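Take a look at the letters that make up each chain.
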Amino acid sequence: MDVHFSQEALKEINRIIAQYPKERKNSALLPVLHVVQKETEGWLSPETMDKVASILEIKPIEVYEVVTFYTMYFTKPVGKYVIEVCQTGPCMICGSDHIIKYLEDKLGIKVGETTPDNIFTLRAVECLGACGYAPMLQIGEQYYEHLTEEKLDQIIHELGSKHSDKY
Amino acid sequence: MGLQLLLEHINKPEIETIDGYIKHGGYRTLDKVLGKMSPDEVTEEVKTAGLRGRGGAGFPTGLKWTFLDKSTDKPRYLLCNADESEPGTFKDRLIMQKIPHLLIEGMILSSYALGCRTSYIYIRGEYMFILRILEKAIKEAYAKGFLGENIKGSGYSLDLYVHPGAGAYICGEETALIESLEGKRGNPRIKPPFPAVSGLWGCPTIVNNVESICTVVPIVNMSGAEYAKIGIGRSTGTKLISASGNINKPGVYEIELGLPVEEFIYSDEYCGGIKGGLELKACVPGGSSVPILPKHLLLKESNGNPRLMTYESLSEGGFETGSMLGSGGFIVYDEKQCIVKNTWTFARFYHHESCGQCSPCREGTIWLDKVLYNIEHGLGKESDIDLLWDIQHGIEGNTICPLGDAAAWPVAAAIRHFRHEFEYHVRYPHRVKDEDHVYQPEMNYRTA
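Residues numbered from 1 in each chain as written. Chains lettered and ligands numbered in written order. Predicted model: local features only at pLDDT ≥ 70, side-chain atom pairs only at ≥ 80, totals over all residues. Heavy atoms only, no water.

On to the domain arrangement of chain A. Each assigned domain of chain A is listed here: domain 1 (7-69) and domain 2 (81-160). Summarising the inter-unit geometry, the C-alpha centres of domain 1 of chain A and domain 2 of chain A are found 29 Å apart. (Domains from an automatic or database assignment.)

The grouping of Phe59, Leu63 and Phe67 of chain B at the surface amounts to a nonpolar patch, some 270 Å² of accessible area in total. Following the sequence through the fold, Leu63 of chain B ends up in helix α4 (residues 61-66). (Patch = residues over 30% accessible without salt bridge, like charges linked within 9 Å, V, L, I, M, F, W, Y side chains within 5 Å. Areas by Shrake-Rupley, 256 points an atom, 1.4 Å probe, with all protein chains shown as cover. Salt bridge = Lys/Arg side-chain N within 4 Å of Asp/Glu carboxyl O. Helix = DSSP H or I, 4+ residues; strand = E, 2+ residues; numbered from the N terminus.)

Residues and elements named next belong to chain A. What the four strands build is an open sheet, ordered β2-β1-β3-β4; its pairing is mixed. Strand pairing shows two members of the sheet lacking a second neighbour, β2 (120-125) and β4 (142-144), which therefore form its edges. Shown here is a sheet whose adjacent strand axes are inclined to one another by a mean of 25°, direction ignored. Sheet strands in contact with helix α6 (residues 96-107) are β1 (81-86), β2 and β3 (137-139), and its direction is about 150° off that of β1. (Pairing = 2+ DSSP bridges. Axes fitted to C-alpha atoms, helices over the stretch in contact; angles between N-to-C directions. Contact = heavy atoms within 4.5 Å.)

This brings us to the packing of aromatic side chains. Counted by the stated rule, this structure contains 27 aromatic pairs over all chains. Measuring from ring centre to ring centre gives 6.0 Å for Tyr253 of chain B and Phe264 of chain B, while their planes differ by 85°; the resulting arrangement is edge-to-face. On the criterion of sequence distance, the pair formed by Tyr253 of chain B in strand β8 (residues 251-256) and Phe264 of chain B in helix α11 (residues 261-266) is long-range, its members being eleven residues apart. On the basis of relative accessible area, Phe264 of chain B is assigned to the buried category, the value being 0%. Centre to centre, the rings of Trp344 of chain B and Tyr373 of chain B are 5.5 Å apart; their planes meet at 70°, and the pair counts as edge-to-face. Taken as a pair, Trp344 of chain B in helix α15 (residues 339-353) and Tyr373 of chain B in helix α16 (residues 359-376) lie far apart in primary sequence, 29 residues in all. With a relative accessible area of 12%, Trp344 of chain B lands in the buried category. We classify Tyr373 of chain B as partly exposed; its relative accessible area is 36%. Site record: aromatic cluster; members linked through ring pairs are Tyr20 of chain A together with Tyr77, Tyr120, Tyr161 and Trp201 of chain B. The cationic tip of Arg348 of chain B hangs over the ring face of Trp344 of chain B; the distance from NZ or CZ to the ring centre is 5.0 Å. (Phe/Tyr/Trp six-rings, centres within 6.5 Å; stacked < 30°, edge-to-face > 60°. Buried < 20%, exposed > 50% of the residue type's maximum accessible area, 1.4 Å probe, protein only. Lys NZ or Arg CZ within 6 Å of the ring centre and 35° of its normal.)

Turning to the sheet that holds strand β11 (residues 329-334) of chain B, a few remarks are in order. Residues and elements named next belong to chain B. Pairing in this open sheet of five strands is mixed, and the strands run β8-β7-β11-β9-β10 from one edge to the other. Of all the strands in the sheet, the pair left with one neighbour each is β8 and β10 (293-294). In this structure, strand β7 (residues 238-245) lies alongside β8, joined through six bridges in antiparallel fashion. Looking at the pairing, Ala243 lines up with Gly251 of β8.

The next point concerns the packing of α15 of chain B against α16 of chain B. Residue and element names in this part refer to chain B. Taken N-terminus to C-terminus, the directions of α15 and α16 make an angle of 155°; their axes are 8 Å apart at the nearest point. Taken together, the axes of α15 and α16 lie roughly antiparallel to each other. The interaxial crossing formed by α15 with α16 has left-handed handedness. Across from Val340, Lys341, Thr343, Trp344, Ala347, Arg348, Tyr350 and His351 in α15, the residues of α16 making contact are Thr365, Ile366, Leu368, Asp369, Leu372, Tyr373, Ile375 and Glu376. Split into classes, the residues belonging to the contact of α15 with α16 amount to nine nonpolar, three polar and four charged. (Parallel < 35°, antiparallel > 145°, perpendicular 65-115°, else oblique. Left-handed = near helix turned anticlockwise from the far one by under 90°. Nonpolar A, V, L, I, M, F, W, Y, C, P; charged D, E, K, R; others polar.)

Below, the discussion takes up the pairing of strand β1 (residues 77-82) of chain B. Residue and element names in this part refer to chain B. Of all six residues in β1, six are buried; the element is thus mostly enclosed. Burial along β1 is two-sided: the residues Tyr77, Leu79 and Asn81 and Leu78, Cys80 and Ala82 are all buried. Judged from the six bridges that link them, β1 and strand β2 (residues 118-123) form a sheet pairing that is parallel. Its bridge partner being in β2, Leu78 is matched across the sheet by Ser119.

Encoded structure:
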């Protein structure tokens, strides 16, 4: 399967590559993968990773080993919105267990699963650096802090209702 | 509010823009330094100031700079460590989000002192929204001629870029950060060679925390000697503390080093006391890696003197009765919190974040996680407590980077100071097996 990136993405990839010395093009791998993952429905297929390898003139294995090391890259399809709830100490003592349980019940899925309509994926993650504003979660580039049940209802409605009446 | 060197203007309107920042005295150090002071003179100011690395290790920043290998023709690099991932720490984020030009100004001064032509800010991938703020601010700085070729006609040139990580705590370790910037897995390197000799792309490299680099700005403004007068002894200056947990006013506070811990917790200027009128039970004063302390050891040193927010006072008594200032990630626990559960979440964190290179850490962190899970969920045995002690002992000091120690210390401290809670869990498993594993206050007390 052929993988194509938008002109905009290619422009961004070139801007990133220019930040490193010419002979160190491979240093652009992490930021380039962030750009690419957004282009390809939020996850990286082997074909996509191979394409990145050819752009950066490295071996495909060098991309695979990086993708599987870092938690922000997905190698399997995910929902349109990946909800990542922080569950480490400071969030835990401020009630993250309840936040996770509430979302599980509300979305009818367990942590690690995606709703059947492919809209939400629920993940429990480790510290996101928002301990003073706990409990919190991240969706894409957005942080949602000081969470309450009402706030969760609002977030799910706001995002989900764009795609389905269910939310 | 005490002396504010970093956060003084944080709430001023438009401080995030370059014009707003300049209006409040920003970038005036460039005129003072570029072309007027030699790079070594700047380093000397930082040394005189006694600034210690604000990322957690507390190593003197100026001294670190002097290790930079200047004997080669290779380019030199300054990397700003904005990977901020230590649980309990969220201070660098505040600066970068609200007052990004302070970091850029600090990067210019520090890069000048080190003779770098190109520098990078390595920011954790989850902070992508802050990367956008920084890139916007960097663009503004280029437009004003504060970055790029021949800055303000001084003959000094600097390019500054931001590089995102992708969700790996280990990349806060400086050699792992370098690997990650080179486009690889974040596996720490064996030292020596130290980055100051062979770092990014084999070139001499210095890695400094965001707050350390920002602090160079007030040091240059007021002089190193004046800066050194703030604080107590070898803990000079101000420090950002990220306060979280069961307190009335969580948030980031800039304190003068030397503030009593008790005042920090109970004063309305800072944490504002324990939430809901509950009692203080324990505190992790410097990020999840440092030992947890029960109330009586937290507030007083072993000699009975009040414990202070300094590198020395917080570590007084060693790990037997003390802890560390670390990154300033100050996590407060009220009397209802379960230390076993908290320790388990930390162990799970280190298990998740171990890079897997060293066997003691790779295997040990999994084991700690599993045993603590069992104890927390009512599946533990009495012998598990000693087993935990043995596992953490087997990890500590036996790995090439400090993640192993960071995984071992919280477990050791929890058993050292709260053994009775572990015993309660294994002796009364049915009481901890309830539906939501909600902690019962009675677990606080020694139960025969």
